[in-house]
Amino acid sequence: MLHTWGRDPTVYHPHVHFVVPGGGVNKRLDRWQQTAENFLFDHGTACRVYKAKFADRAA
């Protein structure tokens, strides 16, 4: 979901919320591989990847 408001609706602040599953399918595509319970994803990497993909689509 993309929305552009925060606590102060007069401030333009676009950002995205997304849900990331706690795992994924393995390389052979035959089994679900769960992540560790205390791990979601590396925030810095997710930011760089998302920004790059967004910029590619916007261009």
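Residues numbered from 1 in each chain as written. Predicted model: local features only at pLDDT ≥ 70, side-chain atom pairs only at ≥ 80, totals over all residues. Heavy atoms only, no water.

Undergrad: Before we move on, can you summarise the overall build of the protein with the specific residues and values?
TA: A tally of regular secondary structure across the protein gives 1 helix and 4 strands. Mapped from its N terminus to its C terminus, the protein presents α and β elements in the order β-β-β-β-α. Residue burial in the protein is summarised as follows: out of 59 residues, 5% are buried. Restricting the contact set of the protein to residue pairs at least 6 apart, pairs at least 24 apart contribute 3%. As presented, the protein carries roughly 5800 Å² of accessible surface, and 60% of it is formed by carbon and sulfur atoms. (Helix = DSSP H or I, 4+ residues; strand = E, 2+ residues; numbered from the N terminus. Buried < 20%, exposed > 50% of the residue type's maximum accessible area, 1.4 Å probe, protein only. Contact = heavy atoms within 4.5 Å. Areas by Shrake-Rupley, 256 points an atom, 1.4 Å probe, with all protein chains shown as cover.)

Undergrad: Describe a nonpolar patch on the surface, naming the residues involved and giving the relevant values.
TA: A contiguous nonpolar patch, built from Phe18, Phe39, Leu40 and Phe41 and spanning about 410 Å² of accessible area, is present on the exposed surface. In this structure, Phe18 sits in the loop between strand 2 (15-16) and strand 3 (23-25). (Patch = residues over 30% accessible without salt bridge, like charges linked within 9 Å, V, L, I, M, F, W, Y side chains within 5 Å. Salt bridge = Lys/Arg side-chain N within 4 Å of Asp/Glu carboxyl O.)

Undergrad: Mind laying out the side chain of Asn26, listing which residues take part and the relevant values?
TA: In this structure, Asn26 sits in the loop between strand 3 and strand 4 (32-34). Within the local environment of Asn26, its side chain forms a polar contact with the side chain of Asp30, the two groups lying 2.8 Å apart. (Polar contact = N/O pair within 3.5 Å; in protein donor to acceptor, adjacent residues only side chain to side chain.)

Undergrad: A description of the layout of surface pockets should follow, citing residues and the corresponding values.
TA: Over the atoms rolls a probe the size of a water molecule, and its path tells where empty space is left. Volume-wise, the largest pocket comes out at about 280 Å³. As for the largest pocket, its lining consists of 12 residues, of which His15, Val16, Phe18, Tyr50 and Lys51 are closest to the centre. The leading source of residues in the lining of the largest pocket is helix 1 (residues 43-58), at 6 residues. Counted by class, the lining of the largest pocket contains 9 nonpolar, 2 polar and 1 charged residues. (1 Å grid on protein atoms, 1.4 Å probe; cavity = no way out; pocket = protein on both sides within 12 Å on 5 of 7 lines; lining within 4 Å. Points joined across faces, edges and corners; volume = space filled by probe spheres on them. Nonpolar A, V, L, I, M, F, W, Y, C, P; charged D, E, K, R; others polar.)

Undergrad: An account of the packing of aromatic side chains is needed here, citing residue identities and associated values.
TA: Counted under the stated rule, the structure contains 1 aromatic pair. Geometrically, the ring pair formed by Tyr50 and Phe54 is stacked, given 6.0 Å between the ring centres and 20 degrees between the ring planes. One end of the pair, Tyr50, and the other, Phe54, are both in helix 1, 4 residues apart, so they sit about a helical turn from each other. (Phe/Tyr/Trp six-rings, centres within 6.5 Å; stacked < 30°, edge-to-face > 60°.)

Undergrad: Provide a residue-level description of the pattern of salt bridges, including the pertinent values.
TA: When the charged atoms of two side chains lie near each other, side chains of opposite charge can form a pair. Counted under the stated rule, the structure contains 1 salt bridge. Across the pair Asp30 and Arg28 runs a salt bridge whose closest N-O atoms are separated by 3.4 Å. Since its relative accessible area comes to 49%, Asp30 is described here as partly exposed.

Note that all results are geometric; they support no functional claim without further evidence.
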